[in-house]
Amino acid sequence: MQNSRLVDEKISYWMIGISAFMWIVLLFNPAMHHDMTGHDHSHMASVATTIQHTLPGMVWNWVLMVLAMMLPKLIAPIQHIYSSSFKKRQLRSAFIFISGYTAVWTATGALMLTSLMLMNHLIPGSILPILITGIVAIIWQFSPLKQRFLNRAHGHRALSVFGGAADRDALFFGFEHGFWCVGSGWIIMFFPMLLPHGLWHYLVMFFVAFIMISEHMERPQIPEWRMRTGMKLLRIITAQTKMRLGEVFR
């Protein structure tokens, strides 16, 4: 039990550490200094040409953003993988799981980015997409359907431990977990992408990540219309800080 607890702690530290590194990459990545809406491209260019030349780089930035924001959410699933796998396969299965999870978000991101570029060509400079997305995000945040997706994300499938079956199960587990995460957070992830690059863009990204991680830490709830504040993570951080300070000044 003690060994299992130590492994779980190491997984937590590694995932949070890699996430922090990804945040640093995002902040200092020159490519991110152009907003993800395609504003730097001439409106005279055709939509198809713009998408062809800019979408791959934008998708790469999207992948970095997903890893930075989502890796802490994957601590529990990866702990499940480690507890269900032989030691020599643990890292491999975790990598396959993350690859499957990221693939789902990447496909979602490609659709979102294409939509952004189309909107930028059709209604350049308009705040209408931001307003509409904000309203939809608030409605979705309180909806019972969102809660259903959150509940399903807590389910951890049984995993095979040998050969190709283990790889397949880890991959499908990643696909499955990614699908439920996209279902619960698609619109709140879309909102920061509408904002121009700058301080507010990153602050909103960080706030969205905080909310999504906190929601994932909540216990499954009955799907119904209700306010979800997503403040469990803040309560945990506050309690841990008080405990640490108490130990220091005791």
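What you are looking at is a predicted structure, and each value in this text was computed from that prediction instead of being measured.

**Student:** Outline the environment of Ser-19, listing residues and values.
**Tutor:** Summarising the element assignment, Ser-19 is placed in helix H1 (residues 2–28). For the pair formed by Ser-19 and Leu-64, sequence separation is 45 residues and the distance between their alpha carbons is 9.5 Å. Non-local contacts of Ser-19, meaning those with residues more than four positions away in its chain, are made with Leu-67, Ala-68, Leu-71 and Pro-72.

**Student:** Describe the packing of aromatic side chains, listing the residues and the values that go with them.
**Tutor:** What the rule picks out here adds up to 11 aromatic pairs. Taking the centre distance of 5.8 Å and the plane angle of 70° together, the rings of Trp-140 and Trp-186 count as edge-to-face. Taken together, the residues Trp-140 in helix H5 (residues 128–141) and Trp-186 in helix H7 (residues 163–193) connect sequence positions 46 residues apart. Taking the relative accessible area as the measure of exposure, Trp-186 reaches 31% and is therefore partly exposed. Taking 5.0 Å as the distance between ring centres and 70° as the angle between the ring planes, the aromatic pair formed by Phe-179 and Trp-180 counts as edge-to-face. For Phe-179, a relative accessible area of 47% translates into the label partly exposed.

**Student:** Break down the pattern of salt bridges for me, citing the residues and quoting the values.
**Tutor:** The tally for this structure, following the rule as stated, stands at 6 salt bridges. The partner of Arg-168 in a salt bridge is Asp-169, and the shortest N-O contact between them spans 3.1 Å. What makes Arg-168 partly exposed here is its relative accessible area of 42%. Exposure remark for Asp-169: the relative accessible area of 7% places this residue in the buried category. Of the charged contacts, one joins Arg-235 and Glu-218 as a salt bridge, the two residues approaching to 3.5 Å between their closest N and O atoms. With Arg-235 in helix H9 (residues 232–249) and Glu-218 in the loop between helix H8 (199–217) and H9, this residue pair connects regions lying 17 residues apart in the sequence. Taking relative accessible area as the criterion, Arg-235 reaches 48% and is therefore assigned partly exposed. Here the salt bridges share partners, and the residues they tie into one network are Arg-89, Arg-92 and Asp-167.

What counts, and at which threshold
- Residues numbered from 1 in each chain as written.
- Predicted model: local features only at pLDDT ≥ 70, side-chain atom pairs only at ≥ 80, totals over all residues.
- Heavy atoms only, no water.
- Helix = DSSP H or I, 4+ residues; strand = E, 2+ residues; numbered from the N terminus.
- Contact = heavy atoms within 4.5 Å.
- Phe/Tyr/Trp six-rings, centres within 6.5 Å; stacked < 30°, edge-to-face > 60°.
- Buried < 20%, exposed > 50% of the residue type's maximum accessible area, 1.4 Å probe, protein only.
- Salt bridge = Lys/Arg side-chain N within 4 Å of Asp/Glu carboxyl O.

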